[in-house]
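Single-letter residue listing:
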Amino acid sequence: MDIEARKILFVQEFLRLQNEDVILGLEKLLRKKKAELVENNFKPMSMDEFNSEVDQAMDDSRNGRMIKASDLKAKIQKWN
């Protein structure tokens, strides 16, 4: 059975669940496994990459390509 068929069967079984504790447990497991995948695929940047990011940030600052945190927060508030 391929992964797409397995996902469909899983979703069908999940939709039949009536026990909130089981659903909560599956939600927690999903979040945990997704976090583990992100963590396992995380690769720290090299010093060259880090320095390049710092240089770009400094250039952005000198050339006015920045936004104040308070302005960003105000923009985000409008998303709701």
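Fair warning: this is a prediction, and the values are worked out from it, not measured in the lab. (Residues numbered from 1 in each chain as written. Predicted model: local features only at pLDDT ≥ 70, side-chain atom pairs only at ≥ 80, totals over all residues. Heavy atoms only, no water.)

**Considering the overall build of the protein**
Helix and strand counts for the protein stand at four helices and zero strands. For a compact globule of 80 residues, the expected C-alpha radius of gyration is about 12 Å, and the protein comes in at 22 Å, more than 25% above that figure. With the C-alpha coordinates aligned to their principal axes, the bounding extent of the protein is approximately 60 × 35 × 20 Å. Among the 80 residues that make up the protein, the fraction classed as buried is 1%. Accessible surface computed for the protein: about 8,000 Å², of which carbon and sulfur atoms make up 58%. (Helix = DSSP H or I, 4+ residues; strand = E, 2+ residues; numbered from the N terminus. Rg over C-alpha atoms; globule rule 2.2 N^0.38 Å. Buried < 20%, exposed > 50% of the residue type's maximum accessible area, 1.4 Å probe, protein only. Areas by Shrake-Rupley, 256 points an atom, 1.4 Å probe, with all protein chains shown as cover.)

**Details of helix α3 (residues 47-62)**
Taking 1.5 Å of rise per residue, 16 residues should cover 22 Å, and α3 covers 22 Å from first to last C-alpha, within 8% of that figure. Two residues or fewer after α3 comes Gly-64, characterised by a positive phi angle close to 70 degrees. (Expected span 1.5 Å × (residues − 1).)

**Thoughts on the pattern of salt bridges**
What the rule picks out here adds up to five salt bridges. The closest approach of N and O atoms between Arg-65 and Asp-59, which form a salt bridge, is 2.6 Å. In this structure, a network of salt bridges that share partners links the residues Asp-59, Asp-60 and Arg-65. (Salt bridge = Lys/Arg side-chain N within 4 Å of Asp/Glu carboxyl O.)

**Examining the environment of Gln-56**
Examined against the element boundaries, Gln-56 turns out to sit in helix α3. Between the C-alpha atoms of Gln-56 and Gly-25, which are 31 residues apart in sequence, the distance is 44 Å.

**Some words on the environment of Ser-46**
Position of Ser-46 relative to the elements: it lies in the loop between α2 (20-41) and α3. In this structure the C-alpha to C-alpha distance between Ser-46 and Ala-5, which are 41 residues apart in sequence, comes to 40 Å.

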